[in-house]
Amino acid sequence: MRREPRAFRAAALLFGFAFLYAPIALLVIYSFNASRLVTVWGGFSVRWYGALLNDERIVESAWISLRVALVSAALATALGTCAAIALARFGRFRGRGLFAAMTMAPLVMPEVVAGLSLLLLFVALDVPRGFWTIVLAHASMTMCFVAVVVRERLEGVDRSIEEAAGDLGASPGQTLWRVTLPIALPSIVAGYVLAFTLSLDDVVIASFASGPGSTTLPMRIYSAVRLGVSPEINAVSTAMIVLVAICLGIYGLARAAPAGGRV
Amino acid sequence: MTRRSLAERLVLAVPFAWMALLFLAPLAIVVKISLSRSVIAMPPYEPAFDLSLGWADALDKLGQFSFAAYESLFDDNLYVDSYLSSLRLAGVATLATLLMAYPMAYAMARAPVAWRPALVVLAVAPFWTSFLIRVYAWIAILKDEGLLNHALMALGLIDEPLNIFGTDWAVLIGIVYSYLPFMILPLYNSIAAQDPALREAAGDLGAGPMAAFWRVTLPLSRGGIVAGCLLVFIPAVGEFVIPDLLGGSDTLMIGRTMWTEFFDNRDWPTASAATIVLLALLLIPLALYDRARAAGTERVL
Amino acid sequence: MDPSAPLVSVQNVVRSFGGVKALDGLSLDVFRGEFFALLGPSGCGKTTLMRAIAGFEAPDGGRVLLDGVDLGDTPPHKRPVNMVFQSYALFPHMSVERNIAFGLEREGLPRAEVAARVDEMLTLVQLGDERRRRPDQLSGGQKQRVALARALAKRPRLLLLDEPLAALDRKLREETQFELKRVQRRLGATFMLVTHDQDEAMTMADRIAVMRAGRVEQLGAGADVYNRPANRWVAGFVGEINLFEAAATADCAAGASCAFQLDVGLTTTPLHCGEAVAKGQRVAVAARPEHIALSRAAPDQPGPVGAVSDLAFRGDATLARIELPSGFVVRALLPNASVGGARFARGDRVALSLAAGAATVLTS
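Quantities reported herein were computed from a predicted structural model and do not represent experimental measurements.

What follows covers the nonpolar core. Residues M108, W128, I184 and V241 of chain B are the most contacted members of the largest nonpolar core, which totals 176 residues. If we skip the residues at most four places from it in the chain, W128 of chain B touches V193, L194, T197, D201, V244, L248 and Y251 of chain A. Counting 43 residues, the second largest nonpolar core, distinct from the first, contains L39, V118, L127 and M204 of chain C.

Next up, the structure:
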């Protein structure tokens, strides 16, 4: 069976990854382009990064996005972890089907639908739209991702570890606090980072949930992008890519932590 | 062990209440508004729900519900065309993504074990990078005076710039690019989970590499194919950013049509009705998937 | 409290899972200081019984008493019973000593006492050098000892061991069997072992309850269960055995002895009858392979004669399968040490005989 077409497999990988990474690489490269013409290389420069820092509106939006992401990811992590524990550990309970469906549905729901329905809720409840509505919207969307990540971890953990805690005298609450949560901690960290990057990226739901004075960075980028490619946008995109790469590194480390699996 | 402590009840009740308020209630409101009439006011529909006027008032208003918004969906070719065009574009893009992802997933699953985790990270990492930025990156490439045309003309392959940007082709490329990781991962998982001894057994029984692939590997990865296609198809149908940035003014996709209806035309009842119809459309493949999976589990058991 | 009263008394416990009775009105007593084993094939309910005693399963009916007190709905964390889990279930995020201290801290013991008890346990299981390691840095045998130390640290009135050796390789398993016995004797504690491995049960336990389909088929010392199986099922489950259909040659009172006529054409020496049998009554006579003797058959040999159909070398002995003309197959274990003894080859015609008094009469 060594007659497999090795060259074919190598080509598939090479071509596939080139397709995945070339656009991002080009964008990063051209963010250092001295020329304002986005398709002509005019030498290396960091002038667009300097321009970014002087653009008050970009800086303000970046700050809003960062705050929204930090707060909504914290909420999403708390909610998603609770949901994961309920789904992975509580066995059958009334409303389980509905609960599971609600936790999974946003994963496949078009963002336009999620955004629209949340906006209609805010209007119906007469909630003024702004920072906090974006936080709520993002937390609702990203908690599902947290729930999936944490649940996967919990389901990989030997149930008898928690039984052992009970056997040794820990009440259900103590078992949750001292055994289940510490074991799930890496996945909870991973869930937070995932929720953070998803929130940082989102433009559609934020557009629905935001109000005057709460324009997030992706919304700002979006309105600029509709007008065409510009070197400033290349620079701000590169900055976001770097931030996400750092998050991804943390996520990878957290997921790689040893699991409390079976012997 | 069925009695639950207060802590346990909270663990369940808090996310439950949250989802009820921020997922179920909004959907209920969408349904309700889709049954309302459009008016020029704020909010731009009636009857507006106002529970403070009591249940009697709410019940009274139930009588005023109308299917006008749904009728207008089908009166207006724009909507029917948007749905059909979305399904068509998403379908073609899903197929293209599958054809692109399968060789990659296959090569990843057959790579040396030590490489595999790194390859998976490489395949999934773009998903983390901003969707918006990744779509944006293609603008610079696909534009008439963009990097692709520059490169092709410099190589002498074409004389005139290809007009890709602003067409359905660009939308197609955008969807394939954006959703490729969603396809690779389930495919990879289903191929990597196959016992290598199965292929060896096929070889031992006289099947060549091609026969082993068609008769063993491919059928066994069916679950991954179905999962991957749904993970691409469902969000692609409702996609807004990609057609808006890469497509032309004539690129019809329902997500974009809804956006316009909502923000520009301010016809909330019609946008809501369009949402409900879209969700109903998306439930069909999901239900099929669920059934396929249930059947698959039965077979395994 | 009466020291001869049972420590654990399981009374008519019933537990069903979706119509299947895992425990079918089961009763048994375990006494203080005893090493007790629940032995049975998978699905016989032994694990369910253990989990009911630990509190992880609520019986549908019946009671479990500990020192005469009904455990009722007492949750697991309030029962003075501890368990060594099959998977060990060590807390992966805690060091060896934190694992052992976990249960003591839940009791709210003073810190110094916790430390002293942890040290004592580490010495007991000889893991002093590994105290700061995490479970994933330990070998299988070490994990097993941590699990034991963690459960024993609480000084439980009853220690439950759920297939504690299943994850160990064969050599280590034997060593650990003796290690467990040593610990149990030293602490004078009561151990209850769940196992599907009869050798394990025989090696370690003072008494064995052989379980099948949620009931106890036989309860007694290992030697009793092996030498005097209560019925055909136990005889077949514990060790290798030949079951001969037979008839009584005379009326025989319970406790008396009489000879039996085996259908294969052999009359036994007088065998002890646990129950009264009437002349001609059909019974089974169970004989271990080591109690069957073979000799070369003379051409006009009386009694059962068969052909050696297979020989399996087992190191200290050779297992021979002898096929009788009726098709009935008898297994005989021939010690290899007897250098001068007869050697047989496949196809040899051999005559069978039974060692005097070594077979068991089974009426059910």
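Structure's up, so let's keep going.
In this model, chain C carries a mean pLDDT of 88, and residues with pLDDT of at least 70 account for 98%. Scoring of the predicted complex yields 0.81 for pTM and 0.83 for ipTM.

Let us now look at the interface of chain A and chain C. Contacts between chain A and chain C engage 21 residues on the former and 25 residues on the latter. With both chains or domains summed, chain A and chain C bury close to 1,900 Å², and 64% of this area falls on carbon and sulfur atoms. Taken together, the connections running from chain A to chain C amount to 1 salt bridge. R51 of chain C is the partner of E163 of chain A in a salt bridge, and the nearest nitrogen-oxygen pair spans 2.6 Å. At the level of secondary structure, the elements contributing two or more residues to the side of chain A that touches chain C comprise α7 (159-167) and α8 (172-201) of chain A. Per-class residue counts for the side of chain A that touches chain C are 11 nonpolar, 6 polar and 4 charged.

In the structure shown here, the tally under the stated rule is 3 cavities of 30 Å³ or more. Of the voids in this model, the largest cavity is the one considered here, and its volume is about 70 Å³. Along the walls of the largest cavity sit 12 residues, with L26, L27 and N234 of chain A together with A137 and A140 of chain B positioned nearest its centre. Elements represented by at least two residues in the lining of the largest cavity include exactly α1 (6-30) of chain A together with α6 (131-142) of chain B. Grouping the constituent residues of the lining of the largest cavity by class yields 11 nonpolar, 1 polar and no charged.

This brings us to the confidence of the model for chain A. The pLDDT averaged across chain A works out to 85; a share of 94% of its residues lies at or above 70. Here residues 259-263 of chain A scores under 50 on pLDDT; set against residues more than four positions off or in separate chains, the count is 13 contacts.

A word on the packing of aromatic side chains. Counted under the stated rule, the structure contains 27 aromatic pairs over all chains. Considering the side-chain rings of Y102 of chain B and F213 of chain B, the 5.8 Å spacing of their centres and the 85° angle between planes classify their relative orientation as edge-to-face. With Y102 of chain B in helix α4 (residues 77-109) and F213 of chain B in helix α10 (residues 209-220), this residue pair connects regions lying 111 residues apart in the sequence. Across the pair, F213 of chain B and Y102 of chain B agree in class, each one buried. Connected via pairs of aromatic rings, a cluster forms that spans F208 and Y222 of chain A together with F240, W259, F262, F263 and W268 of chain B. Here the guanidinium or amino end of R150 of chain C rests over the ring plane of F91 of chain C, the centre of that ring lying 4.6 Å away. Residue placement shows R288 of chain C over the ring face of Y226 of chain C; its charged tip is 3.9 Å from the ring centre.

What counts, and where the lines are drawn
- Residues numbered from 1 in each chain as written.
- Chains lettered and ligands numbered in written order.
- Predicted model: local features only at pLDDT ≥ 70, side-chain atom pairs only at ≥ 80, totals over all residues.
- Heavy atoms only, no water.
- Core = buried A, V, L, I, M, F, W, Y, C linked by side-chain atoms within 4.5 Å.
- Buried < 20%, exposed > 50% of the residue type's maximum accessible area, 1.4 Å probe, protein only.
- Contact = heavy atoms within 4.5 Å.
- pLDDT = per-residue confidence, 0-100.
- Buried area = accessible area lost by both parts, 1.4 Å probe.
- Salt bridge = Lys/Arg side-chain N within 4 Å of Asp/Glu carboxyl O.
- Helix = DSSP H or I, 4+ residues; strand = E, 2+ residues; numbered from the N terminus.
- Nonpolar A, V, L, I, M, F, W, Y, C, P; charged D, E, K, R; others polar.
- 1 Å grid on protein atoms, 1.4 Å probe; cavity = no way out; pocket = protein on both sides within 12 Å on 5 of 7 lines; lining within 4 Å.
- Points joined across faces, edges and corners; volume = space filled by probe spheres on them.
- Phe/Tyr/Trp six-rings, centres within 6.5 Å; stacked < 30°, edge-to-face > 60°.
- Lys NZ or Arg CZ within 6 Å of the ring centre and 35° of its normal.

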